[in-house]
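# Summary of the model geometry
Below, each chain spelled out in residue letters.
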Amino acid sequence: MDRQSCEQIMQKYYRELYNYCFAKLNYKKQSAEDCTQELFLIFLKKHPKLDETDNIRIWLYRTADNVIKAHNRKNAHNDISLDECSEAMNIPAPDSFGQQQTNLSDWLTDEEINIVHLYYETDYGNKESVAKKLGITVTALYQRINKIKNKLKGK
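Scope of this entry: the structure provided in the associated data block.

What counts as what
- Residues numbered from 1 in each chain as written.
- Predicted model: local features only at pLDDT ≥ 70, side-chain atom pairs only at ≥ 80, totals over all residues.
- Heavy atoms only, no water.
- Helix = DSSP H or I, 4+ residues; strand = E, 2+ residues; numbered from the N terminus.
- Expected span 1.5 Å × (residues − 1).
- Bend = angle between axes of the 7 residues up to and from the residue.
- Buried < 20%, exposed > 50% of the residue type's maximum accessible area, 1.4 Å probe, protein only.
- Contact = heavy atoms within 4.5 Å.
- Disulfide = S-S within 2.5 Å.
- Core = buried A, V, L, I, M, F, W, Y, C linked by side-chain atoms within 4.5 Å.
- Axes fitted to C-alpha atoms, helices over the stretch in contact; angles between N-to-C directions.
- Parallel < 35°, antiparallel > 145°, perpendicular 65-115°, else oblique.
- Nonpolar A, V, L, I, M, F, W, Y, C, P; charged D, E, K, R; others polar.

### Observations regarding helix α1 (residues 3-24)
Taking 1.5 Å per residue, 22 residues should reach 32 Å; α1 reaches 29 Å between its end C-alpha atoms and fits that length. Along its length, α1 shows its largest kink, about 45°, at Y13. Looking at α1, one finds that the buried residues are S5, C6, I9, Y13, L17, Y18 and C21. Where α1 is buried, its residues meet α2 (29-46) and α3 (56-74).

Structure below.
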């Protein structure tokens, strides 16, 4: 793929992919700009390997998803919402007397929030490294995650 084709692709898809990142990143302008620029930097690095017959639009969206995931892992904070945590843990979000609690810190201690972040930011990857960071065994990590799930379920 030549340089002129790359420029045409960037002009054609930049705004579309920026809007996609903007929506996926909860309408955070700075994060969307960062991710969109990162996406096109990756595109410029890899364009010689891409074939003209490849579906560039699909490739760009897949790469955007990967850039967004990396951005979210890198920028994970303790202000994760209860809904997001419950969704990641595949449990229904708890409520208190019918009143939805929105902050994870309303339900969990800082230590428990840290465990949840470390555990789920690996995308179900290497749990041994998470356990090592926490100074516990993998079995103890799984036990703590189950305890946190049960706490959120209200058991």
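### Focus on the state of the cysteines
Enumeration according to the criterion identifies 0 disulfides in this entry. Looking at C21, it has no disulfide partner, and the nearest cysteine sulfur is the one in C35, 5.5 Å off. For C21, a relative accessible area of 0% gives the class buried.

### Structural notes on the nonpolar core
In terms of nonpolar packing, the biggest core is built from 21 residues, with L17, F43 and L60 touching the most fellow members. Within the residue set of this core, elements represented by two or more residues are α1, α2 and α3. In terms of nonpolar packing, the next biggest core, distinct from the first, is built from 14 residues, L118, Y120, A131 and I145 among them.

### What to know about unusual backbone geometry
When glycine is set aside, most residues are seen to have a negative phi, and most peptide bonds are trans. Unusually for a residue other than glycine, N26 sits at a positive phi of about 55°. Mapped onto the secondary structure, N26 falls in the loop between α1 and α2. Judged by relative accessible area, N26 falls into the partly exposed class, the value being 48%. The phi angle at Y27 is positive, at roughly 60°, despite the residue not being glycine. With respect to the secondary-structure elements, Y27 resides in the loop between α1 and α2. Judged by its relative accessible area of 58%, Y27 falls in the exposed class.

### Here we look at the packing of helix α6 (residues 127-134) against helix α7 (residues 138-153)
Packing of α6 against α7 brings their axes to within 9 Å, and their N-to-C directions diverge by 90°. Judged by the angle between their axes, α6 and α7 are roughly perpendicular. Contact residues: α6 offers K127, E128, V130, A131 and L134, while α7 offers V138, L141 and Y142. In terms of residue class, the contact of α6 with α7 is built from 6 nonpolar, no polar and 2 charged.

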